[in-house]
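Per-entry structural report
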Amino acid sequence: MAKFLVVLLIFYVFLAFAQDETQFIYNGFQGSNLHLDGLAVIDSNNRLRLTNTTIKQQSGHAFYPKPLKFNETNSSFSTSFIFVMYPDVPGHGGHGIAFVITPSMNFKQAVPAEYLGIFNISNNGLSSNHIFAVELDTVQNAVFNDIDGNHVGIDINGLRSNASSSAGYYDDTARINKTLQLTSGKPMQVWIDFEAKTKVINVSIAPLKNSKPRWSWSHVGLAPEFDLSKLPSVPNFVQKGKMSAVFIVLLVVLCLLVVFVAGIGYVIWRKMFEELEESWEKEYHVYRLSYKDLYKATKGFRDSELLGSGGFGKVYRGVLPINQNQVAVKRISHDSRQGMREFVAEIVSMRRLRHRNLVQLLGYCRRKGELLLVYEYMPNGSLDKFLFRNHNSKSLLPWTQRLDVIKGVASALLYLHEEWEQLVLHRDVKASNVLLDGDMNARLGDFGLARLYDHDTNPRSTHVVGTVGYLAPELSITGKPTTATDVFAFGTFILEVACGRRPLGLHDPAREDFLLVDWVFESWKKGTIQETSDPKLEGDYVSEEMELVLKLGLHCSHPNPEARPSMRQVVQFLRSETKMPDIPPDFYLERNDLIDESWGASSSVVSSSFVVSNATLFSNNSVIHSGR
Ligand SMILES: *[C@@H]1O[C@H](CO)[C@@H](O)[C@H](O)[C@H]1NC(C)=O
Ligand SMILES: *[C@@H]1O[C@H](CO)[C@@H](O)[C@H](O)[C@H]1NC(C)=O
């Protein structure tokens, strides 16, 4: 009886066989004389490949080409092969692989898939087949009474196995039975031994590199052992199969992560650019700028864009994305919502203020606890830098420009006090609030902002707003700003410009009690008022103009608000339209009396109610003076 040896279906096989007459071993198949049909190929890596994942529902066969002699006395055999099965998609592979001893190499009529390329519906189970097979079956098929979808079976003439067992092995080291997943893509070894005398057939399976399981029987001869070092590598795409599963899982995890991060990002983004807009703000909508635009404009309020920080908050330079206009963005933290409505209304109405010596407000934005005001950008920054910066002569402002600045600020204040449709008090006139545009024109900024603090305060306390040294003395008693308190600050301001000195000696420990106004007044009394002019000007000024400004500064700083000129008068004096009265000789006396009076009258109020403690400094200084 001549039979052929056939290995069917799915992937990679390495084969060894031993029988009394015939013995052979394939440590790889390159150059072998195997008879191939169907999809079977020998690849360049020395491997026999039985199927092809791109062509479904077909089989491949590989036969040892020479017939083997089997008869009553010569039918024992021992064989072994190593195989790898990997499904295209995990869990969705072919039906399995079979080792076959058959009388014919012609399997053209055999059906792939559940028939494993060995039988078909009409010949399955017929004793005339004379076929012995060991199936490594990866699909459970009820028609053939398969025990599961991962088993080894011994088939005689048909697919209904005579014996079968779930794929598994005994792990010697762990001393337990372990399951083997046939389609795991890992190489496994199969041993098939038949002893004719006892008519016992033994099939074993184990992961590669596990030694053959031992059993007690004697037989003719065992199949030669593989030289594992000669075995071709496990196909790369085995890894790929596994990889793709891992990859898919990773990809899904990654996608979820991206979605998650994007979600968080979106929430943060929303939060980051969240604005506050209440229903009453609808009518101001046109003046609103989006926080996102302001954020972009200022490069995220980066420190490099910081122009300065003052009492009301930080100011950043920016370029509006909508029109590429340069702007200054003032960021004011403001926790109180109380009074916000009035304030915003006022701010927005101020947007309509137009004067060549005012910094134009362009719009606003509101967020939780924060108000952002957008102004024209003033390329030359604030005046105080020109006055007090450690000078190189270039940055020095010549007298003509100083006079222009003074006139400009005066006309801006006149506009706020008298010429606009409603009275606007500035409340914080000082050199650092005067900005210089590209043509070095003075522009008064920050008007109206002081109002913001009014709404904040406990009505029982006197909240003095402004800057130490510029606060009119009556403010510390009444707490009530008036046009006259603006004029007082203006007086201090013009003395600052003319003398090139700060109003108080606060920053100079040696002259802590220095008061600019008193100094100028004393000099005036001595007839040396011109000596108070800024030494950095080196006398390069028109002395009539200098004297006018210094005296005007004294007038405006008069301790009695009623004795101060109005802004209209100030402008007229500056234009020499009206002759300025002389300083009354009792100016100083009157001043001290007044402060004494006010101090004495309201000392209890003073001690209990000042919110801006700095404001008391001015009064204290005055008291010290009056005590002399
Ligand atoms: C599988 O079949 C396709 C189509 O015939 C062929 O291009 C490919 O080379 C085959 N793959 C292998 C590994 O033989
Ligand atoms: C099944 O296979 C046998 C033997 O190869 C063949 O004679 C028969 O025609 C086949 N039957 C069908 C239905 O293909």
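As a reminder, the structure under discussion sits directly above these lines.
The paragraphs below set out a description of the structure included in this document.

Focus: the site of ligand 1
Contacts to ligand 1 come from Arg-49, Asn-52, Thr-54 and Ile-55. Within the side chain of Asn-52, a nitrogen or oxygen atom sits 2.3 Å from an oxygen atom of ligand 1. Residues that form the shell around ligand 1 fall into these classes: 1 nonpolar, 2 polar and 1 charged.

Some words on the pattern of salt bridges
Under the definition given, this model contains 22 salt bridges. Between Glu-418 and Arg-568 there is a salt bridge whose closest N-O contact spans 2.8 Å. Taken together, the positions of Glu-418 in helix H5 (residues 399–419) and Arg-568 in helix H11 (residues 567–574) put the pair 150 residues apart, joining distant regions of the chain. Accessibility expressed as a relative area gives 36% for Arg-568, which makes it partly exposed. The partner of Arg-564 in a salt bridge is Glu-474, with the nearest N and O atoms 2.8 Å apart. Separated by 90 residues along the polypeptide, Arg-564 in the loop between helix H10 (543–556) and H11 and Glu-474 in the loop between helix H6 (451–454) and helix H7 (475–478) bring together distant segments of the chain. Judged on exposure class, the residue Arg-564 and its partner Glu-474 are both buried.

Brief notes about a nonpolar patch on the surface
Residues Leu-257, Phe-260, Val-261, Ile-264, Ile-268 and Met-272 make up a contiguous nonpolar surface patch of roughly 560 Å² in combined accessible area. Within the secondary structure, Phe-260 is located in helix H1 (residues 236–272).

Description of the site of ligand 2
Taken together, Gln-109, Asn-120, Ser-122 and Asn-123 make up the full set of residues adjacent to ligand 2. Ser-122 is positioned with one of its side-chain polar atoms (N or O) 2.8 Å from a nitrogen atom of ligand 2. The contact in question runs from an oxygen atom of ligand 2 to an N or O atom on the side chain of Asn-123, over 3.3 Å. Surface burial for ligand 2 is 46%, taken as the share of its 360 Å² of free accessible area covered by protein chains. Among the residues making up the shell around ligand 2, the classes are represented as no nonpolar, 4 polar and no charged.

Concerning the pairing of strand S10 (residues 96–102)
Within S10, 7 of the 7 residues are buried, which leaves the element mostly enclosed by the surrounding structure. Both faces of S10 are covered, namely the face carrying Gly-96, Ala-98, Val-100 and Thr-102 and the face carrying Ile-97, Phe-99 and Ile-101. Here S10 runs beside strand S11 (residues 132–137); their pairing, made up of 6 bridges, is antiparallel. By the bridge assignment, Val-100 is partnered in S11 with Ala-133.

Overview of the pairing of S11
Here S11 lies mainly inside the structure; 6 of its 6 residues are buried. Where burial is concerned, the two faces of S11 agree: the one with Phe-132, Val-134 and Leu-136 and the one with Ala-133, Glu-135 and Asp-137 are both buried.

Considering unusual backbone geometry
Outside of glycine, negative phi angles account for most residues, and trans bonds account for most peptide bonds. Here Gln-324, not a glycine, exhibits a phi torsion of approximately 65°, which is positive. Structurally, Gln-324 is set in the loop between strand S19 (313–319) and strand S20 (326–333). Even without being glycine, Glu-538 reaches a positive phi, approximately 50°. In this structure, Glu-538 sits in the loop between helix H9 (516–526) and H10.

Some thoughts on the packing of aromatic side chains
What the rule picks out here adds up to 18 aromatic pairs. Relative to Tyr-291, the ring of Phe-273 has its centre 6.1 Å away and its plane inclined at 50°; by these criteria the two rings are tilted. Remark: Tyr-291 occurs in helix H2 (residues 291–297) and Phe-273 occurs in the loop between H1 and H2; sequence separation between them is 18 residues. Aromatic ring contacts, followed pair by pair, group Tyr-266, Trp-269, Phe-273, Tyr-291, Tyr-295, Phe-301 and Tyr-316 into a single cluster. The ring of Tyr-291 has Arg-367 lying over it, and the distance from NZ or CZ to the ring centre is 3.7 Å.

Some points on the environment of Arg-568
With 155 residues separating them along the chain, Arg-568 and Leu-413 place their C-alpha atoms 9.0 Å apart. Not counting chain neighbours up to four residues away, the residues in contact with Arg-568 comprise Leu-414, Glu-418 and Glu-419. Within the structure, the side chain of Arg-568 is placed 2.8 Å from the side chain of Glu-418, a separation counted as a polar contact.

Points about the nonpolar core
Grouped together as the largest cluster of nonpolar side chains are 61 residues, with contacts concentrated most on Leu-383, Val-409, Leu-416, Phe-490, Phe-493 and Leu-554. Those elements giving two or more residues to this core turn out to be helix H4 (383–388), H5, strand S23 (434–436), strand S24 (442–444), helix H8 (483–499), H9, H10 and H11. Here this core takes 11 residues from H5, the largest share from any one element. Among all residues touching Leu-383, those that are not within four sequence positions of it are Leu-397, Val-405, Ala-431, Val-434, Leu-436, Phe-493 and Val-497. By size, the runner-up hydrophobic cluster in this structure holds 35 residues, among which are Phe-70, Ile-101, Val-134 and Ala-167.

Topic: the packing of H5 against H11
Closest axis-to-axis distance for the H5/H11 pair is 8 Å, and the angle between their directions is 150°. Our classification of the angle between H5 and H11 gives roughly antiparallel. As H5 packs across H11, the resulting crossing turns out to be left-handed. In contact with Ile-406, Lys-407, Ala-410, Ser-411, Leu-413, Leu-414, His-417, Glu-418 and Glu-419 of H5, H11 contributes Met-567, Arg-568, Val-570, Val-571 and Leu-574. Looking at side-chain class alone, the contact of H5 with H11 contains 8 nonpolar, 2 polar and 4 charged residues.

Calculation criteria
Residues numbered from 1 in each chain as written. Chains lettered and ligands numbered in written order. Predicted model: local features only at pLDDT ≥ 70, side-chain atom pairs only at ≥ 80, totals over all residues. Heavy atoms only, no water. Near = heavy atom within 4 Å. Polar contact = N/O pair within 3.5 Å; in protein donor to acceptor, adjacent residues only side chain to side chain. Nonpolar A, V, L, I, M, F, W, Y, C, P; charged D, E, K, R; others polar. Salt bridge = Lys/Arg side-chain N within 4 Å of Asp/Glu carboxyl O. Helix = DSSP H or I, 4+ residues; strand = E, 2+ residues; numbered from the N terminus. Buried < 20%, exposed > 50% of the residue type's maximum accessible area, 1.4 Å probe, protein only. Patch = residues over 30% accessible without salt bridge, like charges linked within 9 Å, V, L, I, M, F, W, Y side chains within 5 Å. Areas by Shrake-Rupley, 256 points an atom, 1.4 Å probe, with all protein chains shown as cover. Pairing = 2+ DSSP bridges. Phe/Tyr/Trp six-rings, centres within 6.5 Å; stacked < 30°, edge-to-face > 60°. Lys NZ or Arg CZ within 6 Å of the ring centre and 35° of its normal. Contact = heavy atoms within 4.5 Å. Core = buried A, V, L, I, M, F, W, Y, C linked by side-chain atoms within 4.5 Å. Axes fitted to C-alpha atoms, helices over the stretch in contact; angles between N-to-C directions. Parallel < 35°, antiparallel > 145°, perpendicular 65-115°, else oblique. Left-handed = near helix turned anticlockwise from the far one by under 90°.

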